[in-house]
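# Commentary on secondary and tertiary structure
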Amino acid sequence: MLPQFNSDYLSGSYRGRFAPSPSGALHFGSLIAALASYLDAKANLGQWLVRMEDIDTPRIVPGAADEILRTLEAYGLHWDGEVVYQSQRHALYQDILAQLNKAGLTYPCSCTRKTLKQRGGFYDNHCRDRQIAPEGNAHRLIQTQPVYSFDDLLQGQVNLPASLAEEDYIVKRRDGLFAYQLVVVVDDIEQKITRVVRGADLLEPTARQISLFNQLGYQAPEYAHVSLAVAQPGFKLSKQNHAPAIDTTKPQPALCAALGFLGLPVPTELHHDSVSNILHWAEQHFSLRALPRHREIQVSLQADGCYDFTGLTA
Ligand code: GLU
Ligand code: ZN
């Protein structure tokens, strides 16, 4: 007889997450990211957390966070624990920023898009030694541990240009908001995330995130960047290119299409079954290793509101 493990042991400490920005409703592209991270968490008997990335207040659409949660529920994607809202964690981010500041690792920067353009289009750590007043300026983090390359579970070895790896990037914006690069790492540490599964549009920023984990003295999680659904090469599905909100009243077609995109073609007899039966089938057949490894896959909207994906781009 096979040894019996209790589920606590089997689940180890896998913790994954889906971290939508409530700047609009969930569309087909975000459903793919949600599903991939959910299925990988289930395959590892792990926890799947949802974190609302509502820190970038100018981009937040009122009501979108609730709508996203209702949509996840309609698609059978039930999360573990309480939803975390970045908008309620300012004290945490401020505390980490103050520690970095105290360690002499941050500095104000007054560069604008225009002045950066005049100096060659990228930030060359220009303000590091300029001792600019903090008021009204952005704050950058001194890059002490540049990451030039990392291994992604799906995309393989990813190499970064030195100029990007060595750049002191913004941790607090000129408008006073905490930058995504800072809060995403603080949250992944605080929520003890062990593996990040998300869209390949976030592949390059991952190097910075790994370096921030190192700078803060934590081990970075594993990363798996799933093929990005694009409307045209280089253009991910978004509100800008009219990706519609996915249907919450009849979730099966988009669910089956998203699973197909992830290399899990749902058997025809299941297409009209319940969402929970379709997901159950997907959980049994999912394997991270079997996901497509293209950076982008071109998809096109069909008359039935679903997506077809035949054009592989990169
Ligand atoms: N909030 C980010 C987005 O919606 C995702 C961040 C992440 O998964 O690290 O693009
Ligand atoms: Zn500057």
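Read on for an overview of the structure. From a predicted model like this one, the values you see are computed outputs, not experimental measurements.

## With respect to the pairing of strand β9 (residues 195-199)
Among the five residues that make up β9, five are buried, leaving the element largely enclosed by the rest of the structure. Two strands pair when backbone bridges link them, and β9 and strand β10 (residues 222-226) are joined in this way by five bridges, in the parallel orientation. Note that in β10 the partner of V197 across the bridge is A224. This β-α-β element, β9 to helix α8 (residues 205-216) to β10, shows right-handed connectivity.

## Some points on the packing of helix α2 (residues 28-43) against helix α10 (residues 275-285)
One way to put it is that α2 packs onto α10 with a least axis distance of 9 Å and a crossing angle of 65°. Both α2 and α10 take part in a crossing whose hand is right-handed. Across from L35, Y38, L39 and K42 in α2, the residues of α10 making contact are L279, A282 and E283.

## With respect to the site of ligand 1
Taken together, the neighbourhood of ligand 1 is formed by R17, A19, S21, E53, Y180, V184, R198 and L202. Contacts to ligand 1 include S21, whose side-chain N or O atom sits 2.8 Å from a nitrogen atom. For ligand 1, an oxygen atom lies 3.0 Å from a polar atom in the side chain of Y180. In isolation ligand 1 offers 300 Å² of accessible surface; the protein chains occlude 80% of this area. A class-by-class count of the residues in the shell around ligand 1 yields four nonpolar, one polar and three charged.

## Some remarks on the nonpolar core
Judged by nonpolar contacts, the single largest core of 56 residues is most densely connected at L35, W48, L72, L77 and L259. Mapped onto this core, the elements with two or more residues apiece are α2, β2 (47-52), α3 (64-74), β10, α9 (252-261), α10 and β13 (296-301). Take this core: its biggest share by element is 10 residues, from α2. By size, the runner-up hydrophobic cluster in this structure holds 39 residues, among which are Y93, L97, C109 and V158.

## Some words on the coordination of the zinc ion (ligand 2)
Within the protein, the zinc ion (ligand 2) binds to C109 (SG), C111 (SG) and C127 (SG); these donor distances fall in the range 2.1 to 2.3 Å. Along the chain, the residues donating to the zinc ion (ligand 2) are arranged with the sequence spacing C-x1-C-x15-C. Pair noted here: C109 is in strand β4 (residues 106-109) and C127 is in the loop between α5 (113-118) and β5 (138-141), with a separation of 18 residues, a long-range link. According to the relative accessible area criterion, C127 is buried, its value standing at 1%.

## Remarks on α8
Taking 1.5 Å per residue as the helical rise, α8 with its 12 residues ought to reach 16 Å, and the 17 Å between its terminal C-alpha atoms agrees with that figure. In terms of burial, α8 is a largely internal element, nine of the 12 residues being buried. Of all the residues in α8, the buried ones are T206, A207, R208, Q209, I210, S211, L212, F213 and Q215. Residues of α8 that are buried in the fold lie against β5, β6 (149-152), α6 (162-165), α7 (180-190), β9 and β10. Where α8 terminates, the next one or two residues include G217, which has phi positive at roughly 85°.

Conventions we followed
Residues numbered from 1 in each chain as written. Chains lettered and ligands numbered in written order. Predicted model: local features only at pLDDT ≥ 70, side-chain atom pairs only at ≥ 80, totals over all residues. Heavy atoms only, no water. Buried < 20%, exposed > 50% of the residue type's maximum accessible area, 1.4 Å probe, protein only. Helix = DSSP H or I, 4+ residues; strand = E, 2+ residues; numbered from the N terminus. Pairing = 2+ DSSP bridges. Right-handed = clockwise from strand over helix to strand, strands pointing away. Axes fitted to C-alpha atoms, helices over the stretch in contact; angles between N-to-C directions. Left-handed = near helix turned anticlockwise from the far one by under 90°. Contact = heavy atoms within 4.5 Å. Near = heavy atom within 4 Å. Polar contact = N/O pair within 3.5 Å; in protein donor to acceptor, adjacent residues only side chain to side chain. Areas by Shrake-Rupley, 256 points an atom, 1.4 Å probe, with all protein chains shown as cover. Nonpolar A, V, L, I, M, F, W, Y, C, P; charged D, E, K, R; others polar. Core = buried A, V, L, I, M, F, W, Y, C linked by side-chain atoms within 4.5 Å. Donors = N, O, S within 2.8 Å, 3.2 Å for Na, K, Ca; no water. Expected span 1.5 Å × (residues − 1).

Just distances and angles here, no functional claims.
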